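# Report on the structure
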Amino acid sequence: MLFRKADDLSNIRAKGGEREMGDKIEVSALHHFYRGLSELVGVESMLKIYHQYKGMQMTIPTHLYDRELAAKRVNEEYTGHNQQELARKYGYSQKWIRQVTRENNNQEKVNQKNHEELL
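Rules used throughout
Residues numbered from 1 in each chain as written. Predicted model: local features only at pLDDT ≥ 70, side-chain atom pairs only at ≥ 80, totals over all residues. Heavy atoms only, no water. Helix = DSSP H or I, 4+ residues; strand = E, 2+ residues; numbered from the N terminus. Contact = heavy atoms within 4.5 Å. Areas by Shrake-Rupley, 256 points an atom, 1.4 Å probe, with all protein chains shown as cover. Core = buried A, V, L, I, M, F, W, Y, C linked by side-chain atoms within 4.5 Å. Buried < 20%, exposed > 50% of the residue type's maximum accessible area, 1.4 Å probe, protein only.

## Things to note about the overall build of the chain
A tally of helices and strands in the chain yields 5 helices and 2 strands. Ordering the α and β elements of the chain from the N terminus gives β-β-α-α-α-α-α. Partitioning the contacts of the chain with sequence separation of at least 6, the portion at a separation of at least 24 is 43%. Accessible surface, the chain as shown: approximately 9,500 Å² in total, 49% of it carbon and sulfur.

Structural data, given as structure tokens:
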């Protein structure tokens, strides 16, 4: 398909006062990155991404979840028997899960000791 409608994007203007995108996008002439992106998410979403991020260098993180936020969730959800499940859920290794839970246990012990010393 050489042309796809982008009716919903007729009001999108490129930054810098450039003219509006036309009603039709010639997919076969797109840069290979944008062609692949349009196949993945659709032309309309690709154009939104283009207008938001064009010209920027982007690095896509390997992990979907933020390391610190995932560590907090792991500590909340850890039962002592679900390392593998948490590793799969958050996309980190079982070794990382053990390290996070061990550090949390050590910190809890230090906090408990400090609390006892204050009393």
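Now that the structure has been shown, the text picks up again.
## Some details on the nonpolar core
Across soluble globular proteins, nonpolar side chains have a tendency to be buried as a group. Ala-70, Ala-71, Val-74, Leu-86, Ala-87, Tyr-90, Tyr-92, Trp-96, Ile-97 and Val-100 form the largest nonpolar core, which has 10 residues in total. If you list the elements that add at least two residues to this core, you get α3 (67-77), α4 (83-90) and α5 (94-118). When near neighbours in sequence (up to four residues on either side) are disregarded, Ile-97 contacts Val-74, Gln-83, Leu-86 and Ala-87. Grouped together as the second largest cluster of nonpolar side chains are 8 residues, Ile-25, Tyr-34, Leu-37 and Val-43 included.

Bear in mind that shape data such as this cannot, by itself, settle questions of function.
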